[in-house]
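The lines below spell out each chain.
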Amino acid sequence: MQAFSKLKIAAGLRPRLQNLCTTSKMAQTPAAGDAEGPKEQYSVAKELHLPMNVPRKLLLGPGPSNAPPRILAASALPLLGHLHPEFLKVMHDITSGLQYAFQTTNKLTLAISGTGHAGMEAAMMNIAERGETILVANKGLWGVRMADLADRMGINAPTITKPMGEAFTLEDIKKGLEEHKPSVFLITHGESSSGVCQPLEGIADLCHSHNCLFLVDTVAALGGVPLYVDKWGIDVVYSGSQKVIGAPPGTAPISFSPRAQEKMSQRKTRVPSFYFDMAELGNYWGCDAGPARYHHTGPISSMYALREGLGMLADEGLESYWKRHKECAEMLHAGLEKMGLTLYVKDKALRLPTVTTVEVPDGIDWKEAAVFVMGKYKIEIAGGLGASAGKVWRIGLMGHNAYPDNVRLVLRALEDAINHCRDKAQL
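The model shown is predicted, which means the values in this text are computed figures rather than measured ones. (Residues numbered from 1 in each chain as written. Predicted model: local features only at pLDDT ≥ 70, side-chain atom pairs only at ≥ 80, totals over all residues. Heavy atoms only, no water.)

### Here we look at the side chain of His82
As for its position among the elements, His82 is in the loop between helix H2 (69–75) and helix H3 (85–102). Apart from residues lying up to four places away in sequence, His82 is in contact with Phe87, Leu88, Tyr284, Tyr294, His296, Thr297, Gly298 and Ile300. (Helix = DSSP H or I, 4+ residues; strand = E, 2+ residues; numbered from the N terminus. Contact = heavy atoms within 4.5 Å.)

Printed below as a string of structure tokens:
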């Protein structure tokens, strides 16, 4: 009886479907006097019927870096439900890997579903409230971005500034803390727009003596530069998956100290974003003692990739990663100087191993050279960003790309490009 009823209902639907199809065809019939008739506005692009054409390129800009085969293979594994026990195990592995990468025992350590910008936004909106005063160290684009984001949230964000290519001293920071009396101090560890690696030791002691928390952006530095979150007293730190870790963009490692959690527990207002609320995210990630609640559908494949990137970091070891990036950067710097080029960051101790900035010589169009390198060698190098735009090239050596063969290749390609531009100018 039930089967018959279904057949009867289906049979009853057929004439209606036919009528709809007939009506649709009639509507497309050109009206009298209208030679063209209604235009088809929602046709499918022909390209969608073809396979994607994704060329192989060596990504030696400021990020993303090339993902190694092991990570790409992990991202192609079968999907799981975001609350399946097997996926929760992947999340647990990620937390453990991030604690190792950050060198911390912070329980509230996880990966935001989003890029490094999402990490910045989550860190700021959880640790500060509207009307509160924070202090931003501005020595490049990312300091500017932090201050802009704070302004959008209604957070007071005075800045201390340094010219691009320089770093802050402890005395600079002390003066800023005394003048502005902020509740949080924010600084970028690896400033990818200028190629500066900011020394972090001693800053937390200054901040804590002024009743202030210490927040660090380490998107372009994590894994490629020594970082000790617990030892250096960092309260909030965030990064990105697409740089040294070598995973695709889309996940943002983040960690909060007990001191930071205590401040967040005393908020007078709710975190303005449910998606970035660390109380909710921490529960979903198993960082608290409560039973896990649904928060959002995590990017399953991206988390696989992040987990595998952290696995590769653990296999090789942090110290080996730091050493490899330092040696490749020094090899690149020596090669650039041998070509007669000038490095943008003058103090060798402040040069960021993961992203090198080199001054564009007089008479050379930076973009023409970069386009030449891409066209002939299929290598990406980037121009400047923010105040360094048009003044420098930025060359990234991160993760799977930080090996001597790639250093030699990019040096040859850049020298070829400069000679090409000079020859062309003489014609």
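### Topic: H3
Between its first and last C-alpha atoms H3 spans 26 Å; for 18 residues at 1.5 Å apiece the expected length is 26 Å, and the two agree. Buried within H3 we find Phe87, Val90, Met91, Asp93, Ile94, Thr95, Gly97, Leu98, Ala101 and Phe102. Looking at the residues trailing H3, positive phi occurs at Gln103, about 55 degrees. (Expected span 1.5 Å × (residues − 1). Buried < 20%, exposed > 50% of the residue type's maximum accessible area, 1.4 Å probe, protein only.)

### Focus on the sheet that holds strand S5 (residues 184–188)
Spatially, the seven strands line up as an open sheet ordered S2-S10-S9-S8-S5-S3-S4, and their pairing is mixed. Each edge of the sheet is formed by a strand with only one pairing partner; in this case those strands are strand S2 (108–113) and strand S4 (159–161). Each adjacent strand pair in this sheet contributes to an overall mean axis angle of 15 degrees, direction not counted. Judged from the three bridges that link them, strand S8 (residues 213–217) and strand S9 (residues 236–238) form a sheet pairing that is parallel. Directly across from Leu215, in S9, lies its bridge partner Val236. Where helix H5 (residues 141–152) meets the sheet, it contacts strand S3 (134–138), S4, S5, S8 and S9, and its direction lies at approximately 155 degrees from that of S3. In this fold helix H6 (residues 170–180) packs onto S3, S4 and S5, with an angle of close to 155 degrees to the strand it touches most, S4. (Pairing = 2+ DSSP bridges. Axes fitted to C-alpha atoms, helices over the stretch in contact; angles between N-to-C directions.)

### Here's the deal with the environment of Ala137
Looking at where Ala137 falls in the secondary structure, it is placed in strand S3. Counting along the chain gives 250 residues from Ala137 to Ala387, while the straight-line C-alpha distance between them is 15 Å.

### Section: H6
Each turn of an α-helix holds 3.6 residues, which means side chains three or four residues apart point in the same direction. Of all the residues in H6, the buried ones are Ile173, Gly176 and Leu177. Along the axis of H6, the buried positions cluster into a sector of 100 degrees, meaning they face one direction only. Residues of H6 that are exposed and angled more than 90 degrees away from the buried face: Lys175 and Glu179. Residues of H6 that are buried in the fold lie against S3, S4, S5 and helix H7 (203–209). (Arc of directions from axis to C-beta.)

### Structural notes on the packing of helix H12 (residues 366–377) against helix H13 (residues 404–426)
The description of two packed helices rests on the angle between their axes and on the distance between the axes. Axis separation between H12 and H13 bottoms out at 9 Å; the angle between their running directions is 120 degrees. Here H13 runs oblique to H12, going by the angle between their axes. Regarding H12 and H13, the two cross each other, and that crossing is right-handed. Along its contact with H12, which presents Glu368, Ala369, Phe372, Val373, Lys376 and Tyr377, the element H13 presents Leu409, Arg412, Ala413, Leu414, Asp416, Ala417, His420, Cys421 and Lys424. For the contact of H12 with H13, a count of residues per class yields nine nonpolar, one polar and five charged. (Parallel < 35°, antiparallel > 145°, perpendicular 65-115°, else oblique. Left-handed = near helix turned anticlockwise from the far one by under 90°. Nonpolar A, V, L, I, M, F, W, Y, C, P; charged D, E, K, R; others polar.)

### Structural notes on the pairing of strand S11 (residues 355–359)
For S11, the tally of buried residues reaches four of five residues, placing the bulk of the element in the interior. Strand direction decides the pairing type here: S11 and strand S14 (residues 392–396), joined by five bridges, are antiparallel. The partner of Val355 across the bridge, within S14, is Gly396.

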